[in-house]
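# Summary of structural features
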Amino acid sequence: MKAKEMKIDNWHILMRMKTPKDGSCDPIAPLELPHSLHAVHRVSSSDEFNMEGYTTFRGGFWNYFSLGMDAQVSYAFHSERKLHPEKFKNQLSNQSTYAKLGCTQGWFCASVFQSDSSRIASLAKVKVMKRLGHWEDLTISNGIRSIVCLNLPSFSGGLNPWGTPSTWKRRDRDLTAPFVDDGRIEVVGFRDAWHGLVLLAPKGHGTRLAQAHRIRFEFHKGAADHTFMRIDGEPWKQPLPVDDDTVVVEISHLGQVNILATNDCRSRSMSDPSTPSHHAHDEEDRDSDEEDSVQGEEFRKFGAADTFKMPDEFDISHLS
């Protein structure tokens, strides 16, 4: 009864590639979900986005789309939970299993155990549309192995990868706070799981890459035979035709809907006068650098929301 109405953006994802001569390029889901609940689905022959000779998939999301190592670990977690549901009895066992899978998948030591094809820059060319009608190349450093496209300031159990840029970053890099109704999506990169732990610091954030109205991933021919993607917590393994240089994933703004937001909602609206201004705020000026370390009590939190902390009696050595 006390909630206020707020508009939020929703986003459309389009994936298109030449129909392979052999094999299938359908997304491989880790869960036996009804077709209507899959993150993406193949378009019908009558769909306006269908193209002869190409296989096209469509989907949508409210929260985030991610590509790379984080989606790979999530895929492994969901697959393991499907095979051994008895191992997933509570939040602590879920977190420890997720951490172990992160280690076995090489997410904690990505630079040592992962091939060059796990680097986003080696896998795909990324373009963004910051101004309507104008595409530009987005430079991705070689160390980035995961990209998250955020609509809401909440990821991986309540963490905020974008944070709030300081005054000089807003001025010099044309960045803003993450409003949920501005028609722009925040693009954040991560090198590995250790980089992700920076989010546990009060002002921690990932590598801010861009804010854009649209983003396009153009996969390099033969770079890999598959990759991993995730939409709003639902991961899948995406086969990539190795002889095809036309594989494209494009995310675009679809529209807005009205939702009810509680008074303690962390999402910000551009049209809400009670939303803190993104032009001047003393607390925002203490924005951390991307390489900030995580210290003290914050280290005891483990990849989840503010409400979850490791209990004092928990031995982290049991994760190995």
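Residues numbered from 1 in each chain as written. Predicted model: local features only at pLDDT ≥ 70, side-chain atom pairs only at ≥ 80, totals over all residues. Heavy atoms only, no water.

## Examining the pattern of salt bridges
Using the criterion set out here, one finds nine salt bridges in the structure. The salt bridge partner of K125 is D137, with a shortest N-O separation of 3.9 Å. Separated by twelve residues along the polypeptide, K125 in strand β5 (residues 124–131) and D137 in strand β6 (residues 134–137) bring together distant segments of the chain. E250 is paired through a salt bridge with R214; the nearest N and O atoms lie 2.6 Å apart. In this pair, E250 is assigned in strand β13 (residues 248–261) and R214 in strand β10 (residues 214–219), connecting sequence segments 36 residues apart. Its relative accessible area of 30% is what places R214 among the partly exposed residues. (Salt bridge = Lys/Arg side-chain N within 4 Å of Asp/Glu carboxyl O. Helix = DSSP H or I, 4+ residues; strand = E, 2+ residues; numbered from the N terminus. Buried < 20%, exposed > 50% of the residue type's maximum accessible area, 1.4 Å probe, protein only.)

## Overview of the packing of aromatic side chains
Using the criterion set out here, one finds two aromatic pairs in the structure. The ring of W162 has R208 lying over it, and the distance from NZ or CZ to the ring centre is 5.7 Å. In this arrangement the basic side chain of R216 is found over the ring face of W135, its NZ or CZ atom lying 4.2 Å from the centre. (Phe/Tyr/Trp six-rings, centres within 6.5 Å; stacked < 30°, edge-to-face > 60°. Lys NZ or Arg CZ within 6 Å of the ring centre and 35° of its normal.)

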